[in-house]
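One-letter residues, chain by chain:
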Amino acid sequence: MARIGVFVCHCGENIGRTVDCAAVAETLAGHPGVAHAEDYKYMCSDPGQALIKRAIIDKRLTGVVVAACSPHMHEKTFRRAASQAGLNPFMCEMANIREHCSWIHEDRDAATAKAIDTARTIVEKVKHNEPLQTIHIPVTKRALVIGGGIAGIQAALDIADGGHEVVLVEKDPSIGGHMAQLSETFPTLDCSQCILTPRMVEAYQHPNIKLMTWSEVEAVDGYIGNFTVTVRKKARSVDADVCNGCGDCLAACPNRRTPSEFDAGLGTRSAIYVPFPQAVPNTPVIDRANCGRFKAIAKGIKKEVCGKCAEACLKGAIDFTQQDELVTEEVGAIVVATGYQLYSIGRAQPEGLTGYGEYGYGEIPDVIDGLQFERLASASGPTAGELRRPSDGKVPQTVVFVHCVGSRDPEKGMAYCSKICCMYNAKHAMLYRHKVHDGRAVLFYMDVRAAGKGYDEFTRRAVEEDGAEYLRGRVSRLYRDGDVIKVVGYDTLAHEPVEIDADMVVLATAIRPQPGIKQLAQTLSVSYDEHGFINEAHPKLRPVETNTAGVYVAGACQAPRDIPDSVAMASAAAAKVLGLFSVAELEREPAVAAVNETTCVGCLTCQRVCPYGAVEAKEIRDRDGNVVRTVASINPGVCQGCGTCQAVCMSKSIELATFTDAEMYSEIEALAFWP
Amino acid sequence: MTLAYYPGCSLKGTSREFEESFLAVTRALRIEMTEIDDWSCCGASSAHPISRDLGVALPARNLALAAEQGADEVVAPCAACYNRLATAQHELGADADLAARMPGILGHSLPPALHIHNVVDLLAAYAPRIEELVAARVDPPLLAGLRVAAYYGCLLVRPNEVTGFDDAEQPATMETVISAAGASPVAWNMAVECCGGAFSISRTQSVVRLGRRIVADARAHGAQAIAVACPLCHTNLDLRQAAMTARGEEPLPALFITDLVGLAIGLSPGELGLARHFVDTEPLLASLAAEAEATATAAAAQESS
Amino acid sequence: MSGDGHADEFEPRITAFVCNWCTYTGADLAGTSRLHMASNVRIIRVPCTGRIDPLFIVKAFERGADGVIVSGCHPADCHYTAGNYHARRRFALFRELAAFVGIDPGRMTFSWVSASEGAKWRDVVNDTVARVRALGPFDEYRRLVDLPDASGESYATIEGLLGRTAP
C-alpha cells in the first residue's frame, strides 16, 4: 500500500494569496494512499526541506508530492531532499500550483479547486512510480573534429593539449580553410597566413592529433561517449607515406588550366595539385575530373594516357589505382566545425534562393566577391598582391564595395546579417587604398555594424585615414558600359540617386553554410535552421552544444562568425569535450524506454519513428541457435525519452520510465473526480 | 482554350496603331479570339492609388465578363491593362475578405482564375508559326540583320510574383519573338528601366531625361530600332523622341513588337498603322528593303553564275 | 469553477496534454507573466507530444472531460527533433476518427505553443474554454454507458440513447 506525503507550499504569498493551501493539504490528507499532508510557507527553504525529510522517515513514506512551483524550478531540489532521507528520488514529484494556478487565476475557490485536482493527479501518478536508478555510461576519451578550418584546428589543438586523442577530418586536400585564403585580417591588418600556418603545422605534428585530409564523414552511429564514425578517405592517387612533397609532379602536369579553388577561381592550377604552397599536409592530390589519364579511363579508353606526373616522381609515389577507403574511428565526442561558403549571385541557385539579375547574375567579369578580393590582395594570390582586375589586368581606379548582398534581404531568402562583411569591407577599402594611392573606394552600406574590440575604431580609420567613401544606400543595378561598370544606387542620407562609373565592384555576398551541411546534420542527428546553420542547444546558455548529447559546434557552421568568435567557440567546444572526458562514466536520467520482449511482435514501427535511431532489431534464438523471433530492443544510452515509440506500439510492449502507461492513465483518471 | 481579347482604352484611342497592328498580326497568325462584350476601363493608373476596392473591381469586372462569355484565357496587349488584370486576379486569390465582398461590388460572381496573357508571351507561344511564315515568304527576308533593342519597361515583369512573367531583371521573351521574326536582338542595359510612364504630360522634362538614357543606350549598343509592348512606353519613346535626340542624330524608331512580326511575315506598313508613328519609319523600311533586295540580287547572281 | 461568464453558466472540464519542453514551459511563462486565464484546464505533462497515445484523449472523454487540448513544440522546434511531426500526423487521423464515432472535433484543440509564447497559451486556453462552453457538456458517452447525469437520473432509456429527449 502506498504511503504518499503531500507537501503544500505557500511560496510566501505567491500561492497562498489565491490558493487556500491549508484546504488543499486537508483535502489531500483524506485521499486514499496519502499518509501525510501538510502546508508550509516556504517548502524549498532549509526548514521546508527538513520537514519533508522528517516526514519521509517518521511516516515511512513511499512517495512524495510537493505542491508548489513548476518542476522546472525545484524538482531537482526536492528530489535531492527525498534522496537524502533515503527515498528513491524518482518517487518524488511536483504538482505545479503556482505558475499553472495561483499566478493565473483570481477566484480563490476556483484556484483552490484546481490546486486540489492538480495535487491529486500527481498523487495518483506517484502511486505508480517505480524507484529508478541513474544510468551510467562509459566514455571513449577520443574526439572527432569535422572541418579543418581555424575553428576545427583550434578545437583539435585544445583537446589534444588536454591530453586526449583527436581525429581531425577535412574534406579538402589541406587544412587551413577560408582563413588561409585571406590576405590580411581585421582589425589589426596582420597577415592571415603568418598567424595561421604555425597552427596548421602544430596540428599536423601534434602527437595526439590524427589528421585525415581529403576525407569526409560518411556515417555516425552510437551516442555520447560511444560514437562509431565511418570516414571516407577519398583516393588521393598519391601514396602519402612515400611522397616527400617535392612538387616535381606538379611541374610535370600538362594541364595547367584548371581553375584554382584556393584562388576563388581567379587563378589556375594543375590537375595534380596542392591547393597552396603552405598546404598541410604538403601531399598532392590528383583531381580526377580534370586529369587526362582519368578522363581517358572514364571514357573507356584502354590505352594509358599521359602519366607525366608518375614519370616525374622519383619516389614512385603516384598511384593511379588507389581507391576510396572507409575507415572506422571510435570516439566519445564530436565537434562540428565545417565553416561557410559564400552565396553566389548567379542564375542557378539551390532551392529557395534567387540570384541577382540586377547585378548581372554574376556574368560581369569585374564584379567579384569578398574572397576573390582577398586573393587579389594577397601576396600569394594570382596577381602576387598587385590589385589588378580580372577582365583585362588593369589597375582599377574606382572600386565600389557593396555591403549586404543577399544578407538582410528576405526577398533573396536570407534575412540574417552575415556579420563579418562590414569589417572586411572596411579592410578591403583600406587594403585597396594602401595599394592604389590615388584610387577611389566607395562603399554602399545599410548600417555599419562594427561591434567588437577595436572594430569601430577600425572602420573609422578606413574613413578618416584611408579616405573610404561611405554611401548609405543600396545599389539597384550593375551593368557594363563599355570599359566601366555602371553602379546605379541611391544615397538615402542625401536623398538622391547616385551613379558611379566603377572599374571593379566587390560584393559582400552572404555567408551560407557549406553545401553538404544538411546531410551531415542528419547523419549526426543535430538540428539546423532554415538556412542550414547548425542549431545550438540553447541560443544563450548552451551556445556550443547541440540537441544531440556529445555533439558540439564551433565556428561559422552555426552562424556567420569572424575569426575571434570562431576561435572562442572552438575553445569553448573543446572545454566541453574535455569536461566530458574528465569523468570516468556518464550519468543520465533514467527516463528511457524499454521493450517487453515477451509481448513484442517485432513489427519495428518503433524503429521507424525513433528520432535517435535508438531502436534495433534483436533476434531471439533457441538453444540450437535458430532464430525464433525478432523483437525490438532499445539502447538506453541512445534513447532520449520522448516516448514516441510507446505511443505507436500496437502490442503495448514499450514503457517509457517516468511516463509509463500506468502513470499516465492514473493521472487522466484522477481528473474524473472533479467536483 | 478560348481566348478573349481585352483592348482597353489606349488601343481604341491614342494607340489605335497598336490595335491595328495587333489585330492584323493575330489574324495573320490565325490566333482566334473574341473581344470581350461590354468591356470597361481597367482603372490604370488612377483607380488603385485612390481605392483598393475600385482598383481591383474594375479589372475584375472585365475578367468576370470574359469568363461569363466562355473564355478561359485573356490577352491584354496594353501592358498597364495586363498588369491591372493580373494584379486583380492575384489580390483576389490572396485576400479572402476582398474576394468575399467583390461579387457585391461587381454584380457578377467572382471570376475563376483565367490565364492572362500579354502580347509578348502570346507571340512567344506562336514563335514557331512566325518562323514558318517568315520562311514561307517569296520576298527576301525583310528584317534579316535588323538590330533591335527589346524594351520591356516596368509593367510587364513587375512585380514578378504578380505577373509571373519572365525574369524581372533580365527578361528574354521579347528577344525570342524578335529572333523568330528574323531580326537580331541586341544585348543592352536599359530593357527594364522606367520610361516615365504617365509623367509624359505632367513632367515632360523628366520623361525626356529618362527616355534619353534609354534611346542613347540602345543606340550605343548598335540598335536600329526599339521594340516595345506598351502604349505608354511607345508614346514616350515615339512622341517625345524628338526631344531625346541630339542634333545630327537620326531618330531611332520605336516599333511595337507586333509591328516587327507583321513586317516580317509580309504585312504592309499601312496594315500595321506605321504611318501613325511620330518617328518616321520610312527611312528604316526603305533601307531594309534595299538591303533585302541587294542580298536577293547577289544570291540570284551567285545562283545563275 | 470560474470562467469569465455568469455563475450559472456551464463550466467545461478540460484536460490538456502538453509537452514538457515547449508548451509546459510556455504555460510556466504565462504564470511568471501573470497572464490571467480561465481556470477550467487541468494540465498533464508528457515528455513530448509524440508520447501521446490517442487513447489518452479517449480516456479523458470517457472519464468526464468536456474538451481536450494537445499542445507541443512548433514544427521544426521539437526538443526530440521529430516527435511533434508524429503527433501531428496521428491527430490529423484521430480527429477524423473522433468525428466519425461522435466526438465533436470542436472539443479538441491541437496547437503549437513554444516556451516563449505565454500569451498564446492563454489564448489557446480561453478560446478552447469558450468553444467547449458553447458546445455544452459532453454527454454522449455517459448516455451510452448509462452513467447518471448531474441530477442523478439515468439516461438509460431508448430516447436517452437516441438523444431525442433528456429525462
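Note that the structure is a prediction, hence the values are computed from the model and not measured.

Trainee: Is there a simple way to think about the overall build of chain B in this case?
Mentor: For chain B, the helix and strand inventory stands at 16 helices and eight strands. Here the C-alpha radius of gyration of chain B, 20 Å, is about what a compact globule of 305 residues would show, namely 19 Å. Seen through its C-alpha atoms, chain B measures out along the principal axes to roughly 75 × 45 × 30 Å. A separation of at least 24 residues holds for 77% of the contacts in chain B among residues at least 6 apart in sequence. Here chain B displays about 13,000 Å² of accessible surface, and carbon together with sulfur accounts for 55% of that area. The average position of the 20 basic charges and that of the 35 acidic charges among the side chains of chain B differ by 8 Å.

Trainee: Which parts of the structure should I look at to understand the environment of K125(A)?
Mentor: Residues and elements named next belong to chain A. Inspection of the secondary structure puts K125 in helix 5 (residues 108–128). Residues K125 and T660, spaced 535 residues apart in sequence, show a C-alpha to C-alpha distance of 9.5 Å. Beyond its immediate stretch of four places on either side in the chain, K125 contacts E93, T658, E663, S666 and E667. Of note is the side chain of K125, whose polar atom sits 2.7 Å from the side chain of E93.

Trainee: I'm lost on the state of the cysteines in this one. Help?
Mentor: Covalent bonding between the sulfur atoms of two cysteines defines a disulfide. Residues and elements named next belong to chain A. Per the counting criterion, the structure on display carries two disulfides over all chains. Bridging C191 to C194, the disulfide has an S-S length of 2.3 Å. Taking the sign of the S-S torsion, 85° for the link of C191 and C194, the bridge is right-handed. Among the residues examined, C194 registers a relative accessible area of 51% and is labelled exposed.

Trainee: Can you help me understand the packing of helix 6 (residues 150–161) of chain A against helix 15 (residues 563–581) of chain A in this one?
Mentor: In helix packing, the relevant descriptors are the interaxial angle and the interaxial distance, both defined with respect to the helix axes. Residue and element names in this part refer to chain A. Interhelical geometry of helix 6 versus helix 15 gives an angle of 35° and a closest axis separation of 8 Å. The hand of the helix 6/helix 15 crossing is right-handed. Seen from helix 6, the contacting residues are I150, A151, Q154, A155, D158 and I159; seen from helix 15, they are I563, S566, V567, A570, S571, A574, V577 and L578. Broken down by class, the residue content of the contact of helix 6 with helix 15 amounts to 10 nonpolar, three polar and one charged.

Trainee: Would you mind going over the domain arrangement of chain B with me for this structure?
Mentor: In many reports, interface size means the accessible area that the parts give up when they come together. Residue and element names in this part refer to chain B. Segmentation of chain B into domains returns domain 1 (3–119) and domain 2 (120–297). A C-alpha centroid distance of 24 Å is found between domain 1 and domain 2. Domain 1 puts 30 residues into the contact, and the matching count from domain 2 is 34 residues. Contact with domain 2 buries surface across domain 1, with E17, L29 and V119 losing the most and accounting together for 23% of the total. Here domain 1 is connected to domain 2 by one salt bridge. A salt bridge links R276 to E20; the nearest nitrogen and oxygen atoms lie 2.7 Å apart. Of the residues forming the side of domain 1 that touches domain 2, the biggest block, nine residues, is contributed by helix 2 (residues 16–28). Of the residues assigned to the side of domain 1 that touches domain 2, the class counts are 18 nonpolar, eight polar and four charged.

Trainee: I keep staring at helix 5 of chain A and nothing clicks. Help me out?
Mentor: What sets the pattern is the α-helix's 3.6 residues per turn: residues three or four places apart point alike. All names here are of chain A. Helix length check: helix 5 (21 residues) gives 31 Å between terminal C-alpha atoms against 30 Å at 1.5 Å per residue, within 8%. For helix 5, the buried fraction is high: 16 of the 21 residues fall into the buried class. The backbone nitrogen of D109 lies 2.9 Å from a side-chain oxygen of the residue at the head of helix 5, namely D107.

Trainee: How should I be thinking about the side chain of S114(C) in this particular structure?
Mentor: All names here are of chain C. Counting through the fold element by element, S114 comes out in the loop between strand 4 (108–112) and helix 4 (118–135). Overall, the relative accessible area of 12% leaves S114 in the buried class. Of the polar contacts made by the side chain of S114, one reaches the side chain of S116; its length is 3.0 Å. Every residue in contact with S114, bar those within four places of it in the chain, is listed here: C22, G26 and H74.

Trainee: What is the right way to read the domain arrangement of chain A from this model?
Mentor: Once the domains are mapped, chain A shows domain 1 (4–133), domain 2 (142–174 + 208–339 + 549–581), domain 3 (341–512) and domain 4 (593–656). Put simply, the middle of domain 3 of chain A and the middle of domain 4 of chain A, counted by C-alpha atoms, are 57 Å apart.

Trainee: Explain the interface of chain A and chain B to me, please; I cannot follow it from the model alone.
Mentor: Each side of the interface is counted separately: chain A has nine residues, and chain B has seven residues. At the boundary of chain A with chain B, total buried surface from both sides reaches about 830 Å², with 29% on carbon and sulfur atoms. Between the two partners, chain A and chain B, sit three salt bridges. Linking E499(A) and R213(B) is a salt bridge whose minimum nitrogen-to-oxygen distance equals 2.7 Å. Counting every contact that joins chain A to chain B gives seven residue pairs in polar contact (both at pLDDT 80 or more). For the side of chain A that touches chain B, the leading source of residues is strand 24 (residues 475–481) of chain A, giving three residues.

Trainee: Would you take a moment to explain the nonpolar core for this structure?
Mentor: Across soluble globular proteins, nonpolar side chains show a tendency to be buried alongside one another. Counting residues in hydrophobic clusters, the biggest one holds 126 residues, and the most contacted among them are I334(A) and F17(C). Two domains share this core, each providing at least three of its residues, namely domain 2 (142–174 + 208–339 + 549–581) and domain 4 (593–656) of chain A. Sequence-distant contacts of I334(A), that is, excluding residues within four places in its chain, are made with L144(A), I146(A), V220(A), F227(A), V229(A), L524(A), G550(A), V551(A) and Y552(A). Membership of the second largest hydrophobic core comes to 92 residues, among which are C78(B), V148(B), A181(B) and C195(B).

Trainee: Would you mind going over the arrangement of the chains with me for this structure?
Mentor: Summarising the chain contacts, two pairs of chains touch, and the pair with the most contacts is chains A and C. Across the gap from chain B to chain C, with no contact made, the nearest C-alpha atoms are 23 Å apart.

Trainee: Can you help me understand the sheet that holds strand 21 (residues 398–405) of chain A in this one?
Mentor: Strands pair in a sheet through their backbones, by hydrogen bonds, and they do so in one of two ways: parallel or antiparallel. Residue and element names in this part refer to chain A. Taken in spatial order, the five strands of this open sheet run 20-27-21-22-23, and their pairing is parallel. The open sheet has two edge strands with one neighbour each: strand 20 (367–369) and strand 23 (469–472). Taking each pair of neighbouring strands and ignoring which way they run, the sheet shows an average axis angle of 25°. Pairing analysis gives four bridges linking strand 22 (residues 440–445) to strand 23, with the strands arranged parallel. Each residue of the ladder has a partner; that of L443, found in strand 23, is Y470.

Trainee: What should I look at first to understand the interface of chain A and chain C in this one?
Mentor: Across the boundary between the two partners, chain A contributes 44 residues, which contact 45 residues of chain C. The contact between chain A and chain C buries some 3,900 Å² in all, and 59% of this surface belongs to carbon and sulfur atoms. Counting across the chain A and chain C interface gives five salt bridges. Here R45(C) ties to E75(A) by a salt bridge, and the two come within 3.3 Å at their closest N and O atoms. For the pair chain A and chain C, the interface holds 18 residue pairs in polar contact (both at pLDDT 80 or more). Within the residue set of the side of chain A that touches chain C, elements represented by two or more residues are helix 3 (71–84), strand 4 (92–96), helix 4 (98–102), helix 5, helix 17 (644–648) and helix 18 (661–670) of chain A. Looking at the side of chain A that touches chain C residue by residue, the classes come out as 20 nonpolar, 13 polar and 11 charged.

What counts and what doesn't
- Residues numbered from 1 in each chain as written.
- Chains lettered and ligands numbered in written order.
- Predicted model: local features only at pLDDT ≥ 70, side-chain atom pairs only at ≥ 80, totals over all residues.
- Heavy atoms only, no water.
- Helix = DSSP H or I, 4+ residues; strand = E, 2+ residues; numbered from the N terminus.
- Rg over C-alpha atoms; globule rule 2.2 N^0.38 Å.
- Contact = heavy atoms within 4.5 Å.
- Areas by Shrake-Rupley, 256 points an atom, 1.4 Å probe, with all protein chains shown as cover.
- Lys, Arg positive; Asp, Glu negative; His and termini not counted.
- Charge placed at Lys NZ, Arg CZ, Asp CG, Glu CD.
- Polar contact = N/O pair within 3.5 Å; in protein donor to acceptor, adjacent residues only side chain to side chain.
- Disulfide = S-S within 2.5 Å.
- Buried < 20%, exposed > 50% of the residue type's maximum accessible area, 1.4 Å probe, protein only.
- Axes fitted to C-alpha atoms, helices over the stretch in contact; angles between N-to-C directions.
- Left-handed = near helix turned anticlockwise from the far one by under 90°.
- Nonpolar A, V, L, I, M, F, W, Y, C, P; charged D, E, K, R; others polar.
- Domains from an automatic or database assignment.
- Buried area = accessible area lost by both parts, 1.4 Å probe.
- Salt bridge = Lys/Arg side-chain N within 4 Å of Asp/Glu carboxyl O.
- Expected span 1.5 Å × (residues − 1).
- Core = buried A, V, L, I, M, F, W, Y, C linked by side-chain atoms within 4.5 Å.
- Pairing = 2+ DSSP bridges.

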